[in-house]
Amino acid sequence: MTGPNSSLGGGDSLLESTFGERLGLSAGVSTRWMGWRLRMLVVSALIGCVGLFLLTREMASVPTVDAQWRADAAGRIALARSNDPLLAPLTGQVLTGLRAGTREVSLPDALPLQRSARWLIDDGERTRLQGLHRQIDAAFAEPAVRFVFADGRGVELHPMPRGFAGLPVTYWVLCAVALLLHLVAMVVLMAKPNGRNLLYALMSLAQAGNLVFIAVESTLDLRLPGLFARFDMPLRVAFDLFTAAAIVNAACFHPRRLPGAGAMALAAWIIAALLALLVGSGSIERGWWWTQLAIVAYGLMMVSLMSWSYQVEPHPFATVLRRFGIVTIGTWLLLTFSLAAAVRNPGVHQNIASIGSMIWYVFFASLLLLVPFLSRSQQIMREFSLLAAVSTVATSLDLLFVAVFSLGQFASLTLSLFVSLAVYSGARQWILDQLLGSSMLTTERMFEQLYRIAREVEAHPERTATLLSQLLRELFEPMEVVLVERSTAQTRVSGDGSTLMIPVPRLSDSESPGGSIVIRFAQRGRRLFTSEDVRLTERIVEQLRRAVAFDKAVEQGRSEERARLAQDLHDDIGARLLTLMYKAQSPEMEEYVRHTLQDLKTLTRGLAAPNHRLSHAAAEWKADLTQRLTAAHVELGWSFEFDQDILLTVVQWSALTRVLRELVSNAIAHAHATRVDVAFELHHDRLDLHVTDNGTGRNPRAWSHGLGLGGVRKRVKQLGGEVEWREVSPQGIGCRVTIRDLSARG
């Protein structure tokens, strides 16, 4: 719909809702707020950096030994590799226990290699793992630790801090992603402090916490610091549940507030907090399954809310978030089922729990990082999200094939890559089309519309905004098109990508500049606007400006040439005809030359005029036809109706004049008619011209179209119309000329 500026409720409240957009404050208040927010942003960045530095220093100072461990086929701990000269000869041997001072730690299986209790399904195993981590951590705190192997041999080692250089690459990468999530969350929150951005910040900080835990776990083989071992399960469950609750909360209010949104959001938070408390304290059995299924339920609820929101008002952001939600739930379910399927195989279960969960959290973090940039996402951002998704699916399938089908590592990896790449190549274009949409306006029709608008703008400069809005409506298929008085400096995307604002261009010297065109919800609310749409719109406006300038230059050249031709005809041919009239040998010749001279005056006057009022042109046509038919003793029937007295261009006037003359000439010369009826109607910019005679003409389909009839066809086609001849009853021929959108065919 197109409406005035008042329909927006004043200001930018409905247009400027994207992350980081302007707050609409006064200059003084804006400066004060910006200073306050900037200071908070700097403080939060310093807190994040200092916190990671302290954590890294702590991890670098934790005593450890140079050894890597793995789970063997029997589910026991085996030495995989070591550069320590005392441990290296024992590579492949099974570790059965540790001794440090008076402490003895029995290691009957590979459970300590499970770094996180969060991904252990069995409650008893989780409790035992936490106890083992506390014992191993206490043992490594002693000056010397003796490693006891199954063959009876033992090696006494002195754990030493690994230092910053000894931390694995995985640790640095995960910490960097966590810090990036923290900074983006703070930027979004400080750019526009509101409830929605607070929810985004909570989700990002919770997932940053998950990544920090995974980073810490990647630095250790047998042990986990006591503090991390104690809070790993409760905190990570809380992170996941609170993230899910925040997503549901956001879905209740964004992009549109749903009925009962407050109650649904409150219920989501209460359930998440209660479940996190019960699972974290161990007060509920099968806590892992409760957590996994609760997150699935939250995800399905979010997808349902987005579908509901789209039904209330088709907002493109709802569609995008719904698709992301479906992908996220799918990968979460795949990870859950993979862990459940591998529960009887400790080695595979450990790989899925460590590698699979890490990949899932990195994938989810990439989605969170992508959300603030959805409205301006470039090709690299879209490809990044797709590649993150396909890598997650590939890894999950690899682990699933190993766990369920007991495939070898090479076979499972090859098969999973093949399946994932096949799905990616087949679904990639469809996903991009669904996310970005595709224009339904063809190139040919685009140029046709551009030049039609250019001609209309030249005739009616005040209609520039309306005409450009029509073109943009056909290009983007938006749900809403609004003309506002507030001007914008340049074309830009706002409102989380749901809104595109275009300044109304000044295409004519007589046109007053100002105002903007606001289009919302592209492709009926199925996609977001992007920076590519901004560039396309700017190019369309520029081409429209050039088309108007080109038409003006062409029309000016035509006018000058017509004026020159009219002057030459008047001065040369007119003078000769006038001399010939005075020297005529008979009254009939004198009358014939007089009529020819009158036709010449009509022609030169028409060529000299830039345009012709339809009523004036009709009067000239009637007078001309009456004179010619009267001289031939033929009766004229004239009917002329119109709902708008439009201006005909010289091209239109000239073409219609010659079409009428040729049709009447044929009725006189070939049909030998005694009556010619001309009916001219113009309604809603559609011209219908009927010329009918009662002559002897028959079977018009068999006619050969020479210069006369061929000229009629050519001139009607030049105006974008159609012409048809047919027999009429009881005798004669009727010709029908139809031209749609006459004003746009000049």
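Residues numbered from 1 in each chain as written. Predicted model: local features only at pLDDT ≥ 70, side-chain atom pairs only at ≥ 80, totals over all residues. Heavy atoms only, no water.

A. Region of the structure containing the packing of helix H3 (residues 169-191) against helix H9 (residues 346-370). In the contact formed by H3 and H9, the axes pass within 10 Å of each other and the chain directions differ by 30°. What the angle tells us is that H3 and H9 run roughly parallel. Crossing handedness for the pair H3 and H9: left-handed. Contact with H3, carried on its side by Thr170, Leu174, Val177, Leu180, Leu181 and Val184, involves Met358, Val362, Ala365, Leu368 and Leu369 of H9 and no other residues of that element. Looking at the contact of H3 with H9 residue by residue, the classes come out as ten nonpolar, one polar and no charged. (Axes fitted to C-alpha atoms, helices over the stretch in contact; angles between N-to-C directions. Helix = DSSP H or I, 4+ residues; strand = E, 2+ residues; numbered from the N terminus. Parallel < 35°, antiparallel > 145°, perpendicular 65-115°, else oblique. Left-handed = near helix turned anticlockwise from the far one by under 90°. Contact = heavy atoms within 4.5 Å. Nonpolar A, V, L, I, M, F, W, Y, C, P; charged D, E, K, R; others polar.)

B. Just the environment of Leu86, in detail. Among the secondary structure elements, Leu86 is positioned in the loop between strand S3 (77-81) and strand S4 (94-100). Relative accessible area serves as the criterion here: at 49%, Leu86 is assigned to the partly exposed category. With residues up to four places along the chain from it excluded, the contact list for Leu86 reads Val155, Glu156 and Leu157. (Buried < 20%, exposed > 50% of the residue type's maximum accessible area, 1.4 Å probe, protein only.)

C. Structural detail: the sheet that holds strand S18 (residues 721-727). If you walk across this open sheet you meet the five strands as S14-S16-S17-S19-S18, and the pairing is mixed. Every other strand in the sheet has two partners, leaving strand S14 (635-642) and S18 as the edge strands with one partner each. Ignoring strand direction, the axes of neighbouring strands in this sheet form an average angle of 10°. Alignment of strand S17 (residues 686-693) against strand S19 (residues 733-739), held across six bridges, turns out to be antiparallel. (Pairing = 2+ DSSP bridges.)

D. Region of the structure containing the pairing of strand S7 (residues 154-157). Residues Val155 and Leu157 line the buried face of S7, whereas the alternating positions Gly154 and Glu156 sit on a face that is not buried. Bridge count for strand S6 (residues 145-149) against S7 is four bridges, and the pairing is antiparallel. Bridge pairing in S7 places Val148 opposite Gly154. Counting the residues in the hairpin turn of S6 and S7 gives four residues, including Gly152, whose phi is positive at 95°.

E. Region of interest: the sheet that holds strand S9 (residues 480-484). With respect to topology, four strands assemble into an open sheet ordered S9-S12-S11-S10, the strand pairing being antiparallel. In this open sheet, the two strands that pair with only one neighbour each are S9 and strand S10 (492-494). Direction aside, the axes of adjacent strands within the sheet are offset by 25° on average. Bridging between S10 and strand S11 (residues 499-503) involves three bridges; their strand directions are antiparallel. Bridge pairing links Arg492 to Met501 in S11. Across the face of the sheet, helix H13 (residues 464-476) comes into contact with S9, S11 and strand S12 (516-520) while running at roughly 20° to S12.

F. Structural detail: unusual backbone geometry. With an omega of 10°, the peptide bond between His254 and Pro255 qualifies as cis. Positionally, Pro255 belongs in the loop between helix H5 (226-253) and helix H6 (261-281). In this structure, the amide linkage connecting Ser729 to the following residue, Pro730, adopts the cis form with an omega of 5°. Within the secondary structure layout, Pro730 lies in the loop between S18 and S19. In the Ramachandran plot, Asn699 falls in the positive-phi region, its phi being about 45° despite a non-glycine side chain.

G. Layout of the nonpolar core. Grouped together as the largest cluster of nonpolar side chains are 113 residues, with contacts concentrated most on Trp69, Leu95, Leu98 and Phe147. The biggest single contributor to this core is H5, with 14 residues. The contact partners of Trp69, leaving out residues within four places of it in the chain, are Ile77, Ala78, Leu79, Ala80, Leu95, Leu113, Phe147, Phe149, Asp221 and Leu222. Counting residues in hydrophobic clusters, the runner-up holds 35 residues, among them Val678, Leu687, Ile733 and Cys735. (Core = buried A, V, L, I, M, F, W, Y, C linked by side-chain atoms within 4.5 Å.)

H. Geometry of the side chain of Gln207. Relative to the assigned elements, Gln207 resides in helix H4 (residues 195-217). Not counting chain neighbours up to four residues away, the residues in contact with Gln207 comprise Leu181, Phe239, Asp240, Thr243, Tyr361, Phe364 and Leu368.

I. Spatial organisation of the environment of Val481. Here Val481 is to be found in strand S9. Judged by relative accessible area, Val481 falls into the buried class, the value being 0%. For the pair Val481 and Ile517, spaced 36 residues apart in sequence, the C-alpha to C-alpha distance is 7.1 Å.

J. Structural detail: the pairing of strand S16 (residues 675-683). Residues Val676, Val678, Phe680 and Leu682 of S16 are buried on one face, while the alternating residues Arg675, Asp677, Ala679, Glu681 and His683, pointing to the opposite face, are not. Bridge count for S14 against S16 is eight bridges, and the pairing is parallel. Bridge pairing links Phe640 to Phe680 in S16. Hairpin connection of S16 to S17: two residues between the antiparallel strands, including His684 at a positive phi of 55°.

K. Representation of the pattern of salt bridges within the structure. Evaluated as defined, the whole model comprises 17 salt bridges. Between Arg128 and Asp109 there is a salt bridge; the shortest N-O distance is 2.7 Å. Note that Arg128 is positioned in helix H2 (residues 123-140) and Asp109 in the loop between strand S5 (103-106) and H2, a separation of 19 residues in sequence. Judged by its relative accessible area of 29%, Arg128 is partly exposed. Arg675 is the salt-bridge partner of Glu635, the closest N and O atoms lying 2.6 Å from each other. Placement of Glu635 in strand S14 and of Arg675 in strand S16 is noted, with a sequence separation of 40 residues between them. Residue class for Arg675 comes out partly exposed when judged on its relative accessible area of 28%. Residues participating in the shared-partner salt-bridge network are Asp109, Glu125 and Arg128. (Salt bridge = Lys/Arg side-chain N within 4 Å of Asp/Glu carboxyl O.)

L. How the structure looks around a nonpolar patch on the surface. The grouping of Val50, Phe53, Leu54, Phe164 and Trp172 at the surface amounts to a nonpolar patch, some 480 Å² of accessible area in total. At three residues, the largest contribution of residues to the nonpolar patch is made by helix H1 (residues 27-61). Residue placement: Phe164 occurs in the loop between strand S8 (160-161) and H3. Judged by its relative accessible area of 39%, Phe164 falls in the partly exposed class. (Patch = residues over 30% accessible without salt bridge, like charges linked within 9 Å, V, L, I, M, F, W, Y side chains within 5 Å. Areas by Shrake-Rupley, 256 points an atom, 1.4 Å probe, with all protein chains shown as cover.)

M. A look at the packing of H4 against H5. Where H4 contacts H5, the two axes come as close as 9 Å, and the packing angle between them is 155°. Classified by the angle between their axes, H4 and H5 sit roughly antiparallel to one another. Note that H4 runs across H5; the crossing there is left-handed. Residues Leu199, Met203, Ala206, Gln207, Gly209, Asn210, Phe213, Ile214, Val216 and Glu217 of H4 pack against Phe228, Phe231, Asp232, Leu235, Arg236, Phe239, Asp240, Thr243, Ala246, Ile247, Asn249 and Ala250 of H5. Residues of the contact of H4 with H5, tallied by class, amount to 13 nonpolar, five polar and four charged.

N. Local environment of the packing of aromatic side chains. For the coordinates displayed, the defined rule picks out 17 aromatic pairs. Pairing Trp119 with Trp288 gives two aromatic rings, centres 6.3 Å apart and planes at 70°, and the pair type is edge-to-face. On the criterion of sequence distance, the pair formed by Trp119 in the loop between S5 and H2 and Trp288 in helix H7 (residues 287-312) is long-range, its members being 169 residues apart. An angle of 80° between the planes, with centres 6.2 Å apart, marks the rings of Phe140 and Phe147 as edge-to-face. Like Phe147, Phe140 is buried. The structure contains a cluster of three or more aromatic residues connected by ring pairs, namely Trp119, Trp288, Trp289, Trp332, Trp360, Tyr361 and Phe364. Positioned above the aromatic ring of Trp119 is the side chain of Arg118, whose terminal nitrogen or guanidinium carbon lies 4.4 Å from the ring centre. Above the face of the Tyr310 ring, Arg322 is positioned so that its terminal group lies 5.6 Å from the ring centre. (Phe/Tyr/Trp six-rings, centres within 6.5 Å; stacked < 30°, edge-to-face > 60°. Lys NZ or Arg CZ within 6 Å of the ring centre and 35° of its normal.)

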